[in-house]
Amino acid sequence: RNSKPFLVGREESVKYSDSLIKYINKVDVIVIANYFISSIGLDYFRDKYPSQKFVGFSFPQDSARNQRAFILPTKSLRMLPSYQLFKYRLRAKTQEFDCETWARMMDDGELTPAKITEDLQPFADFKPQKVYMLCTHLPKIKPTIRKVFGGNVKIEDGYKQTYKDLCVALGFKGIDGRKKK
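Residues numbered from 1 in each chain as written. Predicted model: local features only at pLDDT ≥ 70, side-chain atom pairs only at ≥ 80, totals over all residues. Heavy atoms only, no water.

A. Structural context of the overall build of the protein. Looking only at helices and strands, the protein has eight helices and six strands in total. Along the chain direction, N to C, the helices and strands of the protein fall in the order α-β-α-β-β-α-α-β-α-α-β-α-β-α. Within the protein, the fraction of its 181 residues that count as buried is 42%. When contacts within the protein are restricted to residue pairs at least 6 apart in sequence, long-range pairs at least 24 apart make up 70% of them. Surface accessibility of the protein: about 11,000 Å² in total, with carbon and sulfur atoms responsible for 52%. (Helix = DSSP H or I, 4+ residues; strand = E, 2+ residues; numbered from the N terminus. Buried < 20%, exposed > 50% of the residue type's maximum accessible area, 1.4 Å probe, protein only. Contact = heavy atoms within 4.5 Å. Areas by Shrake-Rupley, 256 points an atom, 1.4 Å probe, with all protein chains shown as cover.)

Spelled out as structure tokens, the structure:
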């Protein structure tokens, strides 16, 4: 494989991210586009650099009460207490598939719709109303997820909320980044 191993611990993740910040600390906003680092590091960075604005991925705050929810987390994300809290707050019947290998395969150009379908097919009868994609590598697989789980499944991927948060941090109004009249 060409992929490097994923970050596995809080200290290693913060150290790696902290070294990058030294070079880009003069920008208006820093976007941490990784669920794992956002989950463990946003508060740390905000405390360490109070004059710097930070935006990052966060777990959806909606409830899926009395629904079926399918979750696509990575192995490292599943270990976090914030992930367990997210699942608890969903108040839904859930199933999950660890998509850690998908991220690596996507990085290497090896993830295909056939592989995704093969991996998700055992969960097709679960018929979720919502799918939570908790890996920043996955947005391009939405069509395949819809084929497996049906066209009416609602897919949450975190990008829309992160984009809204970025617009707020930059002082824009409206989801498209333009100031409304």
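Having seen it, we continue.
B. Layout of the sheet that holds strand 5 (residues 130–133). One open sheet holds the four strands; their spatial order is 4-3-5-6, and the pairing between them is parallel. In this open sheet, the two strands that pair with only one neighbour each are strand 4 (93–96) and strand 6 (154–156). Each neighbouring strand pair of the sheet contributes to a mean axis angle of 20°, computed without reference to strand direction. In this sheet, strand 6 lies alongside strand 5 in parallel orientation, the contact comprising three bridges. Within the sheet, the bridge partner assigned to lysine 130 lies in strand 6 and is lysine 154. With respect to the sheet, helix 4 (residues 81–90) is in contact with strand 3 (68–72), strand 4 and strand 5, its orientation differing from that of strand 3 by roughly 165°. (Pairing = 2+ DSSP bridges. Axes fitted to C-alpha atoms, helices over the stretch in contact; angles between N-to-C directions.)

C. Quick look at the environment of tyrosine 35. By secondary structure assignment, the location of tyrosine 35 is in helix 2 (residues 35–48). It is 6.9 Å that separates the C-alpha atoms of tyrosine 35 and threonine 136, two residues lying 101 residues apart in sequence. Setting aside anything within four residues of it in sequence, one finds tyrosine 35 in contact with Phe57, Ser58, Leu77, Met133, Leu134, Cys135, Thr136, Asp157 and Gly158. Within polar-contact distance, the side chain of tyrosine 35 engages the backbone oxygen of aspartate 157 at 3.0 Å. (Polar contact = N/O pair within 3.5 Å; in protein donor to acceptor, adjacent residues only side chain to side chain.)

D. Representation of the pattern of salt bridges in the model. Evaluation of the coordinates by the stated rule reveals seven salt bridges. Two residues, lysine 154 and glutamate 156, come together in a salt bridge whose shortest N-O distance is 3.2 Å. A relative accessible area of 45% means that lysine 154 is categorised as partly exposed. Through salt bridges that share partners, Arg78, Lys87, Glu96 and Asp98 make up one connected network. (Salt bridge = Lys/Arg side-chain N within 4 Å of Asp/Glu carboxyl O.)

E. The nonpolar core, seen in detail. Ranked by size, the top nonpolar core spans 23 residues in total, and within it Phe70, Leu72, Trp102, Leu120, Val131, Ile145 and Phe149 carry the most contacts. Once you skip the residues sitting within four places of it in the chain, phenylalanine 149 turns out to touch Phe70, Leu120, Phe123, Ala124, Pro128 and Val131. Judged by nonpolar contacts, the second largest core, of 22 residues, contains Ile30, Phe59, Phe86 and Tyr132. (Core = buried A, V, L, I, M, F, W, Y, C linked by side-chain atoms within 4.5 Å.)

F. Spatial organisation of the packing of helix 6 (residues 113–120) against helix 7 (residues 142–149). The contact between helix 6 and helix 7 brings their axes to 10 Å, and the two run at 40°. Of the possible angle classes, the one that applies to helix 6 and helix 7 is oblique. Crossing angle aside, the handedness with which helix 6 passes helix 7 is right-handed. Listed contacts from helix 7 to Pro113, Ile116, Thr117 and Leu120 of helix 6 are Thr144, Ile145, Val148 and Phe149. (Parallel < 35°, antiparallel > 145°, perpendicular 65-115°, else oblique. Left-handed = near helix turned anticlockwise from the far one by under 90°.)

G. Structural detail: the packing of aromatic side chains. According to the stated counting rule, one finds 10 aromatic pairs in the structure shown. Plain terms: the ring middles of phenylalanine 70 and phenylalanine 123 are 5.0 Å apart, the flat faces sit at 55° to each other, and that makes the pair tilted. Residue phenylalanine 70 is located in strand 3, and its partner phenylalanine 123 is located in the loop between helix 6 and strand 5; the two are separated by 53 residues in the primary sequence. The exposure class assigned to phenylalanine 123 is buried, which follows from its relative accessible area of 17%. Taken together, a centroid distance of 5.0 Å and an interplanar angle of 50° make the contact between phenylalanine 70 and phenylalanine 149 tilted. Of the two residues, phenylalanine 70 is situated in strand 3 and phenylalanine 149 in helix 7; the sequence distance between them amounts to 79 residues. Given the relative accessible area of 0%, phenylalanine 70 is considered buried. Look at phenylalanine 149 and you get buried, because its relative accessible area is 9%. Members of the aromatic cluster, each reached through a chain of ring pairs, are Phe70, Phe97, Trp102, Phe123 and Phe149. (Phe/Tyr/Trp six-rings, centres within 6.5 Å; stacked < 30°, edge-to-face > 60°.)

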